[in-house]
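# Topology and contacts: notes
The primary structure of each chain is shown beneath.
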Amino acid sequence: MPKGPPPSNPIGKKYQAAVAAYSRQLGDPTLRLNFSQEVDAFFRRCALGVWSHGGPVTEKHVAAYNAICSPGHTPTQALFFEVCAGAAEPPTFQPPGFFQEVVAADRGTQRNRAGQFIDLCSVVLTLLASVDDEVSPAEADYITDCLATLTALAGQPAANVKPVSPTPRRSQEQPGSAAAQTQSETAEQPETAQEEPLPTTEELLAQLDALCGLDKVKKDVRSLINLIKIRTLRKEHDLPVPPMSLHLVFMGNPGTGKTTVARLLAGLYRAIGVLSKGQLVEVDRSGLVAGYVGQTAIQTQKVIQSALGGVLFIDEAYSLAGQGANDFGYEAIDTILKAMEDHRDELVVIVAGYEGPMARFLQSNPGLESRFNKYFYFEDYTGPQLTEIFLGMCEKNGYKPDQELSDFLPGYFDRMYAERDDNFGNGRDVRNLFEKLVSAQSDRVAQLEEVTVDDLMQVTLSDFRAAEPEEE
C-alpha cells in the first residue's frame, strides 16, 4: 500500500509540511517518535469535531480526512458514510498523550514546544475547517475552545490563546472576480500566527547572561562570537583570515546547561550570518545508529539533512565509539565527518558528554581531533546556584516557598553539592525535585475544603520533605 497522501491533494501537502516542520523542532528522538505515532489519529478526531460544527459533509471532507497522513505513514481509506457518521457523533476533544510529555519536557527550560504544538493545532484545525471554503462562526469557536484547553494544560496564561476568526464562503463572490480570486487564495492558505522576529545577537547574549552560573562558558561564547565578527570584518577589507573550525566540544556532567547553550549558539551563529537558519537538531546514539549493515549511514544522513543551515547537537557522543571494532557507531562517525567537509558552510556540529569519555572519543579517530579543537567546560552548579535554579523554577511557575522552606533550601542544596557523586544531575536533579514538590503540594491542597489563590501558590517545608528522594 502506498505511503502518504496523494501528492495532488493540497490538504495533504500542507498537513505534511506543517507536521514535518514541528517534528524537526522537537529534537528529542523519543518525543519525535511518540508524536509521529499519535499525530494523525489525533487530527482525524479533531477534523470530525470541527466538521460537526460546520455545514453538511461533502466529498471534499472525505478527501481531506483521508489526506491527514504524516510523512511515512499509510493513509486511511475512510468512506463517505464513515466520515458523515463520525462528524454526526464526534469524539470529545482530548489532548494527545504526547502533549503532556512535551509540557513536562519543557518545564524548567527555555523551550516552548508545547506552545509550538498549540500553534500547529491552530493552523491544521483552521485548514480543516476551510475545506468547504468557509470557516463558520461555530467552527471558529470550537477551534478556539480546543486551543484554550491545550493552553490551560500547558500551564500558560489564557491570554496566550489566539481566537480563530470565521471566514465567509468565497462562493458569495462572482466567479472570476478579483474578490473571488483573493478569497480563493485565502481559503487555500488558512490564517497562521504572525511569525515573531528572530532574536538579535544582543538579545541572545542577554539570554545567555541570564543563565545561572556558567561564567567561564559565557566568557568563551562571547570570545567566540567576537572572533567570528572580526574575521568577517577582515574578509570585507580583503585581509587574510586564518582557517577556523566552528565545531565545538561541550564537556560536563548532565544538567549543566549544555543543550541550552547549544541552542543559544545556534541562534547566535544565525544572527551574525554564519548559518542561514540557526535551528538546533538534538540527537544521541539511538537517533543515528541502526541495527543493520548499511542502515546507519542512511539514518545519519537524514539527521544531517534536517540540521543543514543550523547546528547538529550530539549528546553522549562518546557512545558512538568504544563498543567494539564492528560497532555501527563508527559508520555514523564517518558519515558525520564527511558531512562536515561537504557542508562546511551550512553545518556546525557540537558533541557533548562527560569529560573523560569525551576525551577518549576524540582520540579514537584522527578526523575528530582535527575538526573539534574548541572545548567548552561546563562545571557542576554550586549549592547557591542550585538554590537559585530551584527558586527560579518556583517563580516561573507561580509557586512561593513559605518562610520555613526558604530558610531550609540553602543548606539543603549546599549538602546536595557537597555529597554529589558520579550520578549527580545538577539542574536536572533540581527540576525533578521541583516536579515532585508540585505533586506533593497538589496532594496536600486537594484535601482542603476551601482553596484560595495563596493555597494554590504556597509550597511548604512539609511539601518539600514529601518530595525528597528516599535514601537508599
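Refer to the structure presented above.
Residues numbered from 1 in each chain as written. Predicted model: local features only at pLDDT ≥ 70, side-chain atom pairs only at ≥ 80, totals over all residues. Heavy atoms only, no water.

Opposite charge on two side chains permits them to pair, given that their charged atoms come into close proximity. On inspection of all chains with the given rule, the structure shows twelve salt bridges. With a closest N to O distance of 3.1 Å, Arg-113 and Asp-106 form a salt bridge. Exposure class is identical for Arg-113 and Asp-106. Each is buried. Among the ionic pairs, Glu-282 bridges to Arg-111, the shortest N-O distance being 2.6 Å. A residue pair is termed long-range when its members are at least 10 positions apart, and Glu-282 in strand β2 (residues 280-283) and Arg-111 in the loop between α5 (97-106) and α6 (113-129) qualify at 171 residues. The class of Glu-282 is buried, set by a relative accessible area of 16%. (Salt bridge = Lys/Arg side-chain N within 4 Å of Asp/Glu carboxyl O. Buried < 20%, exposed > 50% of the residue type's maximum accessible area, 1.4 Å probe, protein only. Helix = DSSP H or I, 4+ residues; strand = E, 2+ residues; numbered from the N terminus.)

Attention now moves to the packing of aromatic side chains. Taken as a whole, this structure holds 24 aromatic pairs when the rule is applied. With 5.5 Å between their ring centres and 70° between their planes, Phe-98 and Phe-117 make a pair best called edge-to-face. Of this pair, Phe-98 sits in helix α5 while Phe-117 sits in helix α6; the two residues are 19 residues apart in sequence, bridging distant segments of the chain. Taken individually, Phe-98 and Phe-117 each receive the classification buried, so the pair is uniform in this respect. For the ring pair Phe-250 and Phe-378, a centre distance of 4.9 Å and an interplane angle of 50° mean the geometry is tilted. Of the two residues, Phe-250 is situated in strand β1 (residues 248-252) and Phe-378 in strand β5 (residues 375-378); the sequence distance between them amounts to 128 residues. When its relative accessible area of 4% is taken as the criterion, Phe-378 is described as buried. (Phe/Tyr/Trp six-rings, centres within 6.5 Å; stacked < 30°, edge-to-face > 60°.)

Between helix α17 (residues 383-396) and helix α19 (residues 427-445), the shortest axis-to-axis distance is 10 Å and the interhelical angle comes to 40°. Here α19 runs oblique to α17, going by the angle between their axes. With respect to the hand of their crossing, α17 and α19 are arranged in right-handed fashion. Counted together, Leu-386, Ile-389, Phe-390, Met-393 and Cys-394 of α17 and Gly-427, Val-430, Arg-431, Phe-434 and Leu-437 of α19 form the full contact between these two elements. Classifying every residue of the contact of α17 with α19 gives eight nonpolar, one polar and one charged. (Axes fitted to C-alpha atoms, helices over the stretch in contact; angles between N-to-C directions. Parallel < 35°, antiparallel > 145°, perpendicular 65-115°, else oblique. Left-handed = near helix turned anticlockwise from the far one by under 90°. Contact = heavy atoms within 4.5 Å. Nonpolar A, V, L, I, M, F, W, Y, C, P; charged D, E, K, R; others polar.)

Next up on the list: the pairing of strand β4 (residues 347-353). For β4, the buried fraction is high: seven of the seven residues fall into the buried class. Of the two faces of β4, both are covered, the one formed by Leu-347, Val-349, Val-351 and Gly-353 as well as the one formed by Val-348, Ile-350 and Ala-352. Relative to β4, β1 is paired through four bridges, and the arrangement is parallel. Bridging across to β4, Leu-248 finds its partner in Ile-350. By the bridge criterion, six bridges tie strand β3 (residues 310-315) to β4 in an arrangement that is parallel. From the neighbouring strand, Leu-312 faces β4, where its bridge partner is Val-349. (Pairing = 2+ DSSP bridges.)

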